[in-house]
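# Residue-level structural notes
Each chain is listed here by its residues.
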Amino acid sequence: MTLSPARVPATGVRRLTTTLYGYAFLDDFVLLYPVYALLFADTGLSLWQISSLFALWSITGVLLEVPSGAWADAVSRRRLLWIGPLLTAAGFALWVALPSYGAFAVGFVLWGAGGALGSGALEALVYDELDRLGAAGRYARVMGRARAARLTGTVASLGLAGPVFALGGYEAVGAASIVACVLTALTATRFPEHRVRPEASGDSWAATLRTGLAQVRGDRAVRGALLLVPAVAAVWGALDEYTPLLVRDIGVAEATVPYLVMLIWAGVTVGSLLAGPAERLGTAGFAALLAGGALALAVGAASHSLAGIALVSLAFAGFQLAEVLADVRLQHRIDESRRATLTSVASLGTELATVATFGVYALLGARLTHGTVFAVLAVPYLVTALALVRARAARARP
């Protein structure tokens with residue numbers, strides 16, 4: 001049977017998206033997430049040692065983010081997407097088999113390296129495959145659903161970690177996490193990749209990186225789209241780590257905190273799913289989205305109430321949606337050969353801005369309540385919205 005031209009792209013898109021959603025779910029279906037800090041403490045590590053492990057994890061990601069993106073443009077992106085989860089699995093295996101500070105440190109380096117390999121490569125592969133099928137316009141909807149699949153994987157891992165831990169302790173939770181990583185790698189091998197082999201051009205990853213950065217310097221539209229990603233993603237991504245403290249400050253029982261945090265993440269999931277219809281938002285609409293989210297965050301966090309937590313959930317939904325749309329803008333403005341490189345540069349900017357936000361939060365939190373700090377950190381979104389409006393007005397002038 002010969003497929004019609006319309007049927008071939010539809011089948012190709014279905015294969016791509018099914019693989020992507022499965023990959024995204026499994027990549028965050030890690031039962032070690034809610035208990036690995038307990039594993040470190042029960043092994044006898046001090047708070048300083050645990051903090052140093054988190055720092056090592058972040059530093060690994062920062063150092064490898066851009067080189068791994070350039071490597072993804074110089075070799076097969078699919079290859080990096082299945083290697084990364086296997087590195088993470090090796091790290092988890094070390095944690096369970098040889099629980100010690102050294103093993104935990106090596107494990108975090110492997111985990112950070114695995115995450116860096118996938119960052120940039122995944123977005124680049126998905127966009128280029130959709131573009132090949134004439135479906136680049138679906139990118140926002142597809143990536144929004146992929147993020148929702150990730151959130152679903154995280155929530156599922158949180159729900160299952162307790163029962164699995166009760167049955168078999170850290171060994172059982174670690175084994176389940178390793179299996180999830182292996183399944184993630186196997187799923188990655190099913191990604192279609194029809195790009196012409198870049199190895200044939202003879203370009204090294206260093207040359208790819210240089211030319212990618214040259215594009216940023218020489219193209220104002222690319223530079224603006226790249227800077228917009230960390231401007232949108234960093235602050236709310238850092239605030240997410242403090243939401244349990246914000247919730248507890250309104251006076252609810254400790255047992256209620258997880259449920260209200262899940263309410264916030266329900267809003268984030270909804271924001272992901274709205275990415276497709278919201279892609280039609282222009283610059284003014286995007287600025288309004290950021291400004292509305294900032295106001296909802298400030299009012300909700302400062303109110304110290306259950307209704308305020310609902311507003312924070314609404315704000316996070318808006319910021320998640322804006323993050324997806326910012327990525328869409330970037331992908332539309334960069335060319336295929338440097339896509340993973342520049343996506344990784346944007347991710348590096350997000351990582352650095354997130355670390356800076358942690359520092360600002362620590363300084364403000366020493367004197368202010370969590371609700372007040374959340375409200376103060378809504379200001380950068382108002383500034384970004386104003387900058388977008390001013391840039392739009394400047395372009396409109398003759």
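Residues numbered from 1 in each chain as written. Predicted model: local features only at pLDDT ≥ 70, side-chain atom pairs only at ≥ 80, totals over all residues. Heavy atoms only, no water.

Under an unreviewed UniProt entry, the name given to the chain is MFS transporter, and the organism recorded is Streptomyces olindensis.

## Considering the pattern of salt bridges
For side chains bearing opposite charge, pairing can occur when the charged atoms are close. The test is simple: Here, a salt bridge means any Lys or Arg side-chain nitrogen found within 4 Å of an Asp or Glu carboxyl oxygen. A run of H or I in DSSP counts as a helix once it spans at least four residues, and a run of E counts as a strand once it spans at least two, with each numbered from the N terminus. Only protein chains enter the accessibility calculation, which uses a 1.4 Å probe; a residue whose area is less than 20% of its type maximum is buried, one above 50% is exposed, and one in between is partly exposed.
Summed over all chains, the structure comprises five salt bridges. Note that arginine 150 is salt-bridged to aspartate 27, the shortest N-O span being 2.9 Å. Taken together, the residues arginine 150 in helix α7 (residues 139–188) and aspartate 27 in helix α1 (residues 7–27) connect sequence positions 123 residues apart. Take arginine 150: its relative accessible area is 22%, and that puts it in the partly exposed class. Judged by its relative accessible area of 26%, aspartate 27 is partly exposed. Across the salt bridge formed by glutamate 129 and arginine 132, the nearest N and O atoms sit 3.3 Å from each other.

## Quick look at the nonpolar core
Counted only if it meets this: Throughout, nonpolar core names a set of buried Ala, Val, Leu, Ile, Met, Phe, Trp, Tyr and Cys residues whose side chains join them through atoms within 4.5 Å.
Judged by nonpolar contacts, the single largest core of 55 residues is most densely connected at Phe286, Leu290, Leu297, Phe316 and Phe374. Here this core takes 11 residues from helix α14 (residues 306–333), the largest share from any one element.

## Side note on the side chain of threonine 384
Our working rule: The contact rule is simple, with two residues in contact once any of their heavy atoms fall within 4.5 Å.
Mapped onto the secondary structure, threonine 384 falls in helix α17 (residues 379–396). Once residues within four sequence positions are removed from consideration, threonine 384 is found in contact with Leu228, Ala231 and Leu290.

## Let's talk about helix α6 (residues 121–132)
Spelled out, the test is: To estimate how far a helix should reach, multiply one less than its number of residues by 1.5 Å.
Taking 1.5 Å per residue, 12 residues should reach 16 Å; α6 reaches 16 Å between its end C-alpha atoms and fits that length. A large share of α6 lies buried, amounting to 10 of its 12 residues. Regarding α6, the residues found buried are Ala121, Leu122, Glu123, Ala124, Leu125, Val126, Tyr127, Asp128, Glu129 and Leu130. One or two residues past the end of α6 sits glycine 134, with phi positive at roughly 75 degrees.

## So, the environment of leucine 39
Within the secondary structure, leucine 39 sits in helix α2 (residues 36–42). Those residues in contact with leucine 39 that lie beyond four places of it in its chain are Trp95, Phe104 and Tyr170.

## Describing the packing of helix α4 (residues 77–97) against α7
Quick note on the threshold: Helix axes are fitted only over the stretch in contact, all axes being lines through C-alpha atoms; the angle between N-to-C directions runs from 0 to 180 degrees. By definition in this entry, angles of less than 35 degrees are roughly parallel, angles greater than 145 are roughly antiparallel, angles of 65 to 115 are roughly perpendicular, and the rest are oblique. Classification convention: Asp, Glu, Lys, Arg as charged; Ala, Val, Leu, Ile, Met, Phe, Trp, Tyr, Cys, Pro as nonpolar; all other residues, Gly among them, as polar.
One can describe the packing of α4 onto α7 by two numbers: an axis separation of 8 Å at closest approach and a directional angle of 170 degrees. Accordingly, the angle class assigned to the pair α4 and α7 is roughly antiparallel. The residues of α7 that touch α4, namely those facing Arg78, Leu81, Trp82, Pro85, Leu86, Thr88, Ala89, Phe92, Ala93 and Val96, are Tyr170, Glu171, Gly174, Ser177, Ile178, Cys181, Thr184, Ala185 and Ala188. When its residues are assigned to classes, the contact of α4 with α7 shows 13 nonpolar, four polar and two charged.

## Notes on the side chain of serine 177
Our working rule: Under the rule applied, a polar contact is a pair of N or O atoms within 3.5 Å (in protein, one hydrogen donor and one hydrogen acceptor; residues adjacent in sequence only if both atoms are side-chain atoms).
Counting through the fold element by element, serine 177 comes out in helix α7. Only 3.2 Å separates the side chain of serine 177 from the backbone nitrogen of leucine 31, close enough to count as a polar contact. In this structure the side chain of serine 177 is engaged in a polar contact, spanning 2.9 Å, whose partner is the backbone oxygen of valine 173. Once you skip the residues sitting within four places of it in the chain, serine 177 turns out to touch Val30, Leu31, Leu32 and Phe92.

## Quick word on a nonpolar patch on the surface
As a reminder of what qualifies: Two joining distances apply to patches: 9 Å for like charges and 5 Å for nonpolar side chains (Val, Leu, Ile, Met, Phe, Trp, Tyr), and every residue must have over 30% relative accessible area and no salt bridge. Per-residue and other accessible areas follow the Shrake-Rupley method at a 1.4 Å probe size, with only the shown protein chains counted as cover for residues.
Nonpolar side chains collect at one region of the surface, where Trp82, Leu86, Val179, Val182, Leu183 and Leu186 lie side by side and expose about 490 Å² of accessible area between them. Only α4 and α7 provide two or more residues apiece to the nonpolar patch. Ranked by residues supplied to the nonpolar patch, first place goes to α7 with four residues. In this structure, leucine 86 sits in helix α4.

## A short note on the packing of aromatic side chains
Heads up, the rule is: For Phe, Tyr and Trp, rings pair up if their centres lie within 6.5 Å, where Trp contributes its six-membered ring, and each pair is then called stacked (planes under 30 degrees apart), edge-to-face (over 60) or tilted (otherwise). Distance and angle both matter: a charge sits over a ring if NZ of Lys or CZ of Arg is within 6 Å of the ring centre and within 35 degrees of the ring normal.
For the structure on display, the rule yields 27 aromatic pairs. Between tryptophan 95 and phenylalanine 108, the ring centres sit 4.9 Å apart and the planes meet at 65 degrees, which makes this aromatic pair edge-to-face. Note that tryptophan 95 is positioned in helix α4 and phenylalanine 108 in helix α5 (residues 101–118), a separation of 13 residues in sequence. A relative accessible area of 0% places phenylalanine 108 in the buried class. Aromatic ring contacts, followed pair by pair, group Tyr33, Tyr36, Phe40, Trp57, Phe92, Trp95, Phe104, Phe108 and Trp111 into a single cluster. We note arginine 329 situated over the ring of phenylalanine 286; from NZ or CZ to the ring centre the distance is 4.9 Å.

## Re unusual backbone geometry
At histidine 304, a position not held by glycine, the phi torsion is positive, near 55 degrees. Among the secondary structure elements, histidine 304 is positioned in the loop between α13 (283–303) and α14. Take histidine 304: its relative accessible area is 35%, and that puts it in the partly exposed class.

## Details of the confidence of the model for the chain
What counts is decided by this rule: A residue's pLDDT is the predictor's confidence in that residue, given on a scale from 0 to 100.
Chain-level statistics for the chain give a pLDDT mean of 85 and a share of 89% at 70 or above. Of all the helices and strands in the chain, helix α8 (residues 205–218) carries the lowest mean pLDDT, 60, while α4 carries the highest, 95. Note on residues 1–5: pLDDT under 50 across the span, and one contact to partners over four residues away in sequence or across chains.

## Here we look at the packing of α4 against α5
Relative placement of two packed helices is described by the angle separating their axes and the distance separating the axes. How we decide: Should the near helix be turned anticlockwise from the far one by less than a right angle, the crossing is left-handed, and should it be turned clockwise, the crossing is right-handed.
At their nearest, the axes of α4 and α5 sit 8 Å apart, and the two run at 165 degrees to each other. When the axis of α4 is compared with that of α5, the two are roughly antiparallel. The two elements α4 and α5 cross, and the hand of that crossing is left-handed. Across the interface between the two elements, Leu80, Leu81, Ile83, Gly84, Leu87, Thr88, Ala90, Gly91, Phe92, Leu94 and Trp95 from α4 touch Ala103, Phe104, Val106, Gly107, Phe108, Leu110, Trp111, Ala113, Gly114, Leu117 and Gly118 from α5. Each residue belonging to the contact of α4 with α5 can be placed in one class, and the counts come to 16 nonpolar, six polar and no charged.

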